[in-house]
Amino acid sequence: MTRFHRLFSALCWACALLPGAVMLLLIGFLLRQGWGSLDLHLLFGDTPPLDALFRFVPVWDGIWPACFGTLCVVVLAGVISIPLGILCGIHLSEFAQGRFRDILSFCVDLLAGMPSILMGLFGFALILFLRHTLLPDVGTGLLLSGFCLGLLVLPYMVNATYTSLSSLPQDLRLLGPSLGLNHMQSIRHILLPSAGKGIVSGLVLSLGRAAEDTAVIMLTGAVANAGMPRSLFDKYEALPFYIYTTAAEYQTPEDLNRGFGAALVLLVMTTGLFLAAHLLHQAMERRWRRG
Amino acid sequence: MTAAVSIKNLRVTFNGAAVLEDITCKTRCGELTVIVGRSGSGKSTLLRAVNRLNECFPGCSTTGVVRLSLHDGQLAVYADGTCPERLRGRVGMVFQSPNVLPLSIERNMLLPQRLVRGITGRAAEEIMRRMLRRVGLFDEVCDRMDAQAATLSGGQQQRLCLARALALEPEVLLLDEPTASVDYQSARRIEDLLLSLKDELSLLVVSHSLPQTRRLADRVLLIREGRLTGQWHRGQANADAAFEKMLSTTF
Amino acid sequence: MSAGSHISSPIPARIVIAVSAWISAAVVLSIFLFLAWFCRPLLDTTVLSSLLSWDWRPFQGDFGILSMLTGSLLLASSSMLLAFPVGMGICCFVHGVGPPGPARLVLWTIKLMTSVPTVVYGFVAVFVLVPLLRDVFREGSGFSLLAAILGLAVLVLPTVVLMLHSQFLTIEPQVRLTAAALGMAPSQKLLHLVIPASGRGFLAAAILGLGRALGDTMIPLMLAGNAAQLPGSVFDSIRTMTAHIALVVATDSRSLAYLSLFACGLLLFMTTALINLGLRMLAGNRENGS
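Residues numbered from 1 in each chain as written. Chains lettered and ligands numbered in written order. Predicted model: local features only at pLDDT ≥ 70, side-chain atom pairs only at ≥ 80, totals over all residues. Heavy atoms only, no water.

**Brief notes about the overall build of chain A**
Summing up its helical and strand segments, chain A has 12 helices and zero strands in all. Along its sequence from the N terminus, chain A presents helices and strands in the succession α-α-α-α-α-α-α-α-α-α-α-α. Counting only C-alpha atoms and orienting by the principal axes, one finds that chain A spans roughly 70 × 65 × 35 Å. The proportion of buried residues among the 291 residues of chain A is 53%. Summarising the internal contacts of chain A: among those between residues at least 6 apart in sequence, 71% fall at separations of at least 24. When the accessible area of chain A is evaluated, it comes to approximately 13,700 Å², of which 65% is carbon and sulfur surface. (Helix = DSSP H or I, 4+ residues; strand = E, 2+ residues; numbered from the N terminus. Buried < 20%, exposed > 50% of the residue type's maximum accessible area, 1.4 Å probe, protein only. Contact = heavy atoms within 4.5 Å. Areas by Shrake-Rupley, 256 points an atom, 1.4 Å probe, with all protein chains shown as cover.)

**Side note on a nonpolar patch on the surface**
Residue and element names in this part refer to chain A. Taken together, the side chains of Ile27, Leu31, Trp35 and Leu38 define a hydrophobic patch exposed on the protein surface, amounting to about 380 Å² of accessible area. When you line up the elements, Ile27 lands in helix H1 (residues 3-34). Relative accessible area serves as the criterion here: at 33%, Ile27 is assigned to the partly exposed category. (Patch = residues over 30% accessible without salt bridge, like charges linked within 9 Å, V, L, I, M, F, W, Y side chains within 5 Å. Salt bridge = Lys/Arg side-chain N within 4 Å of Asp/Glu carboxyl O.)

**Notes on the interface of chain C and chain A**
On the side of chain A, 74 residues touch chain C, which itself brings 80 residues to the contact. In total, about 7,000 Å² of surface goes out of reach between chain C and chain A, with carbon and sulfur atoms giving 83% of it. Counting the contacts that link chain C with chain A gives five residue pairs in polar contact (both at pLDDT 80 or more). No other element matches helix H1 (residues 10-38) of chain C, which puts 20 residues into the side of chain C that touches chain A. In terms of residue class, the side of chain C that touches chain A is built from 56 nonpolar, 21 polar and three charged. (Buried area = accessible area lost by both parts, 1.4 Å probe. Polar contact = N/O pair within 3.5 Å; in protein donor to acceptor, adjacent residues only side chain to side chain. Nonpolar A, V, L, I, M, F, W, Y, C, P; charged D, E, K, R; others polar.)

**Quick notes on the side chain of C:Thr159**
Residues and elements named next belong to chain C. Relative to the helices and strands, Thr159 resides in helix H7 (residues 145-181). Taking relative accessible area as the criterion, Thr159 reaches 15% and is therefore assigned buried. Residues contacting Thr159, with those up to four places away along its chain left out, are Leu208 and Arg212.

**Looking at H1(A)**
Each turn of an α-helix holds 3.6 residues, which means side chains three or four residues apart point in the same direction. The end-to-end C-alpha separation of H1(A) is 46 Å, in line with the 46 Å expected for 32 residues at 1.5 Å each. Within H1(A) the residues assigned to the buried category are A:His5, A:Phe8, A:Ser9, A:Cys12, A:Cys15, A:Ala16, A:Pro19, A:Met23, A:Leu26, A:Phe29, A:Leu30 and A:Gly34. (Expected span 1.5 Å × (residues − 1).)

**Considering the pattern of salt bridges**
Residue and element names in this part refer to chain B. Evaluation of the coordinates by the stated rule reveals 23 salt bridges over all chains. Between Asp72 and Arg90 there is a salt bridge, with its nearest N and O atoms 3.2 Å apart. With Asp72 in the loop between strand E4 (60-70) and strand E5 (73-76) and Arg90 in helix H2 (residues 84-90), this pair connects stretches of sequence that are 18 residues apart. Classification of Arg90 by relative accessible area gives partly exposed; the value is 23%. A single salt-bridge network, built from bridges that share partners, covers Arg11, Glu21 and Arg227.

**Description of the packing of aromatic side chains**
Residue and element names in this part refer to chain A. The full count for this structure, using the stated rule, is 19 aromatic pairs over all chains. Ring plane angle 50° and centroid distance 6.1 Å describe the contact between Phe241 and Tyr244, whose orientation is recorded as tilted. Placement of the pair is Phe241 and Tyr244 together in helix H11 (residues 239-249), with a separation of three residues, close to one helical turn. With respect to burial, Phe241 and Tyr244 carry one shared label: buried. (Phe/Tyr/Trp six-rings, centres within 6.5 Å; stacked < 30°, edge-to-face > 60°.)

**What about the environment of B:Ala123?**
Topologically, B:Ala123 is positioned in helix H4 (residues 121-134). Along the primary structure B:Ala123 and B:Arg159 are separated by 36 residues, whereas in three dimensions their C-alpha atoms are 21 Å apart.

All we've got here are geometric facts, nothing functional implied.
This is the structure in structure tokens:
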């Protein structure tokens, strides 16, 4: 081996060490700063947890409202995007043909590449538009954020459904017709159940993205001190936005510690969803490799 | 005469399952050795054990001794200090299906010479022309050396692979069913070529055909379910009868 | 549709599926229409020329967005210049330069990196990277172009690596045995066979990474300082179009400020569309070529 190839190998080793170093630094730093504040006090402050959970007693110095807000927008985003995404994926994989298929898949790709701030701007523009036309009193809030986040993750759900369905083995596609099922029945009873784990894995991953996105919610109704939302049109708090505002304008060391705690909670949440998606995906792959 | 390849107690496992077990044999310089056996018996694995190519597959583990006698002395294939790349530069290999690199015909011949042996420029081109003539390909491709190698026919591609291996001037050449995916004419050409090569280097050929084995072999190794179950040599007593007897069960 | 059609009638289900597919397509169109609708005043040339200027001083009536545009382009391209070679190195490590065990570990770490929220990267960078830059270079507050470049490079690295990895996967298995049998070292195989054969895939990875870098909001918003100016050095503060949108919505400004926001939005949308068209053409060419 020449010196050049030796140098190349050494550079590759150096590059390969970087991701591990970054992740260790990130996780180590968060753990060191935030580990001490990880307790019920971080979530609920001085309010008794059960009161906060079941009687909606306001929480002033904890991150529970932010967690709850994030949970709400993720659920809303899921409700909007999961059915739409799965159906669109089925259409793309099983029915769409020719030019329409090209247009549709281009739109989905475009949506997937769209910066999330644009989705937020879209929501913001929607509210401006509604104010000028039909509903002069409408404002940003939970429902709008959920809607925009739903649109943001919609393409991931479409692609997850599409790839899971179209990567099924050819034999399985022939099984339905060979049993006398029509196309719709074959999709419902054979293809969808077989692709199920792959689809669910994609859905879980998409929900993780909805939970972590900050740019959309900061334009569509997340605020720093809203407490618990009372309706779908209320302003709300959210974990990623809470982390962002803490970094920008924290006042006291306690604020900062809560910020580290919140960052850890969000990180655990998204990596947890990621691992779940990963395991589901592996289970699906193993199943088809065994045949 | 010294042994060209000597194998002792060779055992190869993939993910714990033994593919070859307790293989001990010797081949001599200037001989063409044919390895025969049913598909899945481990004959390709035996071939790949000689240039440590099994290590390119996941979960492989090899024990035992493989020695090559090269013109500058003995080489222990599995010794700690043996660099697999250098070993494979001296032990050429041709595969069952032609595996041209996704480059032009010329680059297919010149790139390995430059990378593996450090030969460039006129010297490399000289070797390229000589080897292409040797395999009878030069006249067919001399006016389109810049064309993609994949545009050649299957038989031409296989001869190109052979020329590419010979250009590295190996002392042992391994061929894994070299004629299995080419037409009859090309197969006979390659067989004649192999016979003409055996004075210069040691050849190990995996074959799937009885007529081919009869035409080529000075020595036959019969592999069955990962074990060496029979050996035949052209010089032994009653050679023809022994050949029929041993191989009648295999083909 | 013969024997079993009385069990479930296929027609309505098909219609529901098709309609929901077209709703998804309509979303993209409506985003474009909304942005275009709010950008109508741009058709007036005086308004347009006031936006296409270098100064952003909303209280004196200057609403130029050119410095944001430059900031976006500068930041995205320099972070890609950093992330792409590193990503290439990681990919080569995974495909043969490194031993199999560590290679799997590195790839897994890269996949894990995709699950870290952007805001968490930004948060940690604010408290680790920014003070570090401030102390090492002793110049300014540390919230600078350099901080954003480093942060964004970490953010787009997994995108680049995974894209390159999938490209390597289409070529490397074809030549692995041949290259090994010829006595080539893994680094020789990658440098002389795999990398020359995957130029188009590299272009696709670069374009995709550039798209992500251009579209990200949180890293520039949290790390780049957000001064709307042309940077004189990497230690100066900059503002990107994405951060501009977030900042203007947060601070209630006057009408021309809002217009600048939608102009930035429209520019971003166009860039995304162009990037997608480019990727599609690359993919199309590849299908025709082989």
